[in-house]
Amino acid sequence: MAKAIALRTQRRSESRGFSPGCKEHMKTFNIINPATGAVVGAAADAGAGDARAAIERAVAAFPLWKAKTAFERGDILRRWRDLILKNEEAIARLMSNEMGKPITESRGEVKYAAGFVDWYAEEGKRAYGDIIPSHAGAKRLLATRQPVGAVYAVTPWNFPAAMVTRKVAPALAAGCTVVLKPAEQSPLTAVLLAALWIEAGGPADVFQVLTTADPAAVSEPFFADARVRKLTFTGSTEVGKLLYAQAARTVKRVSLELGGHAPFLVFEDADIAAAVTQVMATKFRNAGQTCVCANRIYVHASIREAFVTKMSDAVRALRVGDPLSDTTQVGPLVDRAGLDKVASHVSDAVAKGARAVVGGQAGPGLFFEPTLLVDVVAGMRILEEETFGPVAPIISFTSEADVVAAANNTPYGLAAYLWTRDLGRAFRVSEALDYGIIGVNDGLPATPHAPFGGVKASGIGREGGRWGLEEYLDVKYVSIALP
Ligand code: NAD
């Protein structure tokens, strides 16, 4: 059934302009299932000419979409949400096949993705302005909010549905038009979402998807064209910096959701069982390939042994295997480069004195054993870079001040977690951590109506909630002198 929908989507897409029949689109590229190596499907391989054509359509569609009321836009968004939920199983299977996410997580992601559409269908109606108390009796001062214009959106492979709707739903609700370029590892989910947008009655030129195996070439026309008013990017810090510089050429508004290196602090007064349950959820979700995965687990020396024993049992019990099986908890890494990075972090740590109490080995294929490392100390790569894999390094600490300093000693600042029953410490430490998102006794804080985003090298701007809508609105000040 998923296959039928994907094929239907491709045909629909071709007839609606996602894969225009121009020369460049005669080319396609294959999407490979990381669990099996099988070809999942083919996506149109767009080039710079297709990008220029998509920009023309997005720019032309903007005034018409902007002129609709937020209520009219909300009606279409709500129908889109309904169709996403109706096709939950097909979208979930497609995602699992494209990038190896366990199917139960994929189903959860579809609901999460629909949650953004649901929220912004309503939130668009609350793009309020202000009346500013005037300094002059014969003047009235207004601040209104208007959509920024045509938007270029670039998304990663690790959340093929939610990263799309987290950008597209607020942009469309605000009155912007969007051209989205999904990651080359998992583009078919975005194509399917765009097809459902059209089925919901959404205009084809208002939300377009450009799939490509050459992201730099396709992106260039967007950066060169001043009519594209905004770049919104989610991906690695390395690529984010490049695109930030490119966007400066035509002074675009920019939102960047970049890499993370999340610390997970377990204090001596923590509920150890709850902390282990939550660290397992945040560490091993998506095989450790999320930007908010716990990457450094700091455990107070007095409870370290109990924590490691409990966590070792939990890591050993993880079920690794076929992403399409309902019982699988950990799937493969997305590609060879991802696997090699994880393996190199583990071998570097072990060479410098760490011990793998569970796992530690790569294989078969793109799988990596769920791994628990102890005796991890400063100077190991795993404490300096985002691992993006199913490896949990444990570091001991004894003082609150030292562990906060260690947690902040990174260029990144996306998510941080702390476990304590002491209310004073919960406030003190969450205020001291230089991060955009803090989970206090909560390993899974993300939700569509709350702000998501980082500080420092983790990005600029926020997605989710009312903050996510602001990213697509410009403030316009109107001063009226009364006759
Ligand atoms: P990536 O930076 O390699 O790719 C992201 C996107 O950028 C893809 O669509 C890719 O095609 C595109 N891209 C790559 N090079 C480009 C270029 N030269 N010009 C234009 N586009 C280019 O990241 P990834 O491997 O897809 O995703 C993993 C990264 O994303 C991790 O670092 C993760 O932390 C981060 N991430 C962040 C968030 C967040 O909300 N902060 C969410 C999910 C993932």
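Refer to the structure presented above.
None of the values given here were measured: they were computed from a predicted structure. (Residues numbered from 1 in each chain as written. Predicted model: local features only at pLDDT ≥ 70, side-chain atom pairs only at ≥ 80, totals over all residues. Heavy atoms only, no water.)

## Observations regarding the sheet that holds strand β12 (residues 355–358)
As a general point, the strands of a sheet are linked pairwise by backbone hydrogen bonds and lie either parallel or antiparallel. The test is simple: If DSSP finds at least two bridges between two strands, the strands pair. Comment: elements are numbered from the N terminus, with helices defined as DSSP H or I runs of at least four residues and strands as E runs of at least two. Simply put, an axis is a line fit to the C-alpha atoms, just over the touching stretch for a helix, and the angle between two N-to-C directions goes from 0 to 180 degrees.
Reading across from one edge, β12-β13-β14-β11-β10-β15-β16 is the order of the seven strands in this open sheet, with mixed pairing throughout. Single-partner strands in this sheet number two, and they are β12 and β16 (437–440). Neighbour-to-neighbour, the strand axes of this sheet turn through a mean angle of 25 degrees, independent of strand direction. Note: strand β10 (residues 262–266) against strand β15 (residues 415–419), three bridges, orientation parallel.

## Overview of a nonpolar patch on the surface
For clarity, the threshold we go by: A residue counts toward a patch only above 30% relative accessible area and without a salt bridge, and it is joined to like-charged neighbours within 9 Å or, for Val, Leu, Ile, Met, Phe, Trp and Tyr, to nonpolar neighbours within 5 Å. All accessible areas in this document rest on Shrake-Rupley with a 1.4 Å probe, and a residue is counted as covered only by the protein chains that are shown. Each reported salt bridge corresponds to a side-chain nitrogen of Lys or Arg within 4 Å of a carboxyl oxygen of Asp or Glu.
Together, V478, I480 and L482 make up a nonpolar patch on the protein surface, roughly 200 Å² of accessible area in all. Along the chain, V478 turns up in strand β18 (residues 473–481).

## As for the pattern of salt bridges
How we decide: In this scheme, a residue with accessible area under 20% of its type's maximum is buried, one over 50% is exposed, and one in between is partly exposed, where area comes from a 1.4 Å probe on protein chains only.
Here the structure, examined in full by the defined rule, presents 29 salt bridges. Between D225 and R227 there is a salt bridge, and its shortest N-O distance comes to 2.9 Å. The partly exposed category is assigned to R227, whose relative accessible area is 36%. Here K352 and D348 are joined by a salt bridge, their closest N and O atoms 2.7 Å apart. Overall, D348 belongs to the buried group, its relative accessible area being 15%.

## Things to note about the packing of aromatic side chains
What describes a pair of aromatic rings is the distance from one ring centre to the other and the angle between the planes of the rings. Spelled out, the test is: A pair of Phe, Tyr and Trp rings is counted when the ring centres sit within 6.5 Å of each other, with Trp represented by its six-membered ring. The angle between the planes then sorts it: under 30 degrees is stacked, over 60 is edge-to-face, the rest tilted. The rule for a charge over a ring is simple: NZ of Lys or CZ of Arg within 6 Å of the ring centre, and within 35 degrees of the ring normal.
Counted by the stated rule, this structure contains 11 aromatic pairs. Arranged with centres 5.4 Å apart and planes meeting at 75 degrees, the rings of W80 and W197 form a pair that is edge-to-face. Taken together, the residues W80 in helix α3 (residues 70–86) and W197 in helix α7 (residues 188–199) connect sequence positions 117 residues apart. Overall, W197 belongs to the buried group, its relative accessible area being 0%. Aromatic side chains F264 and Y417 sit 5.7 Å apart centroid to centroid with 40 degrees between the ring planes, which places their arrangement in the tilted category. Residue F264 is found in strand β10, and its partner Y417 is found in strand β15; the two are separated by 153 residues along the sequence. Judged by relative accessible area, which is 0%, Y417 ranks as buried. Through a chain of ring-to-ring contacts, three or more aromatic side chains come together here, namely W65, W80, W197 and F207. Over the face of the ring belonging to Y472 we find K230, whose NZ or CZ atom lies 5.0 Å from the ring centre.

## Observations concerning the sheet that holds strand β3 (residues 130–132)
Spatial ordering of the open sheet is given by β3-β4-β18, a layout of three strands whose pairing is antiparallel. Each edge of the open sheet carries a strand with a single partner, namely β3 and β18. Pairwise comparison of adjacent strand axes, ignoring direction, gives a mean angle of 25 degrees for this sheet. Here strand β4 (residues 139–147) pairs with β18 via nine bridges, running antiparallel. In the sheet register, Q146 faces β18, and the bridge partner there is D474.

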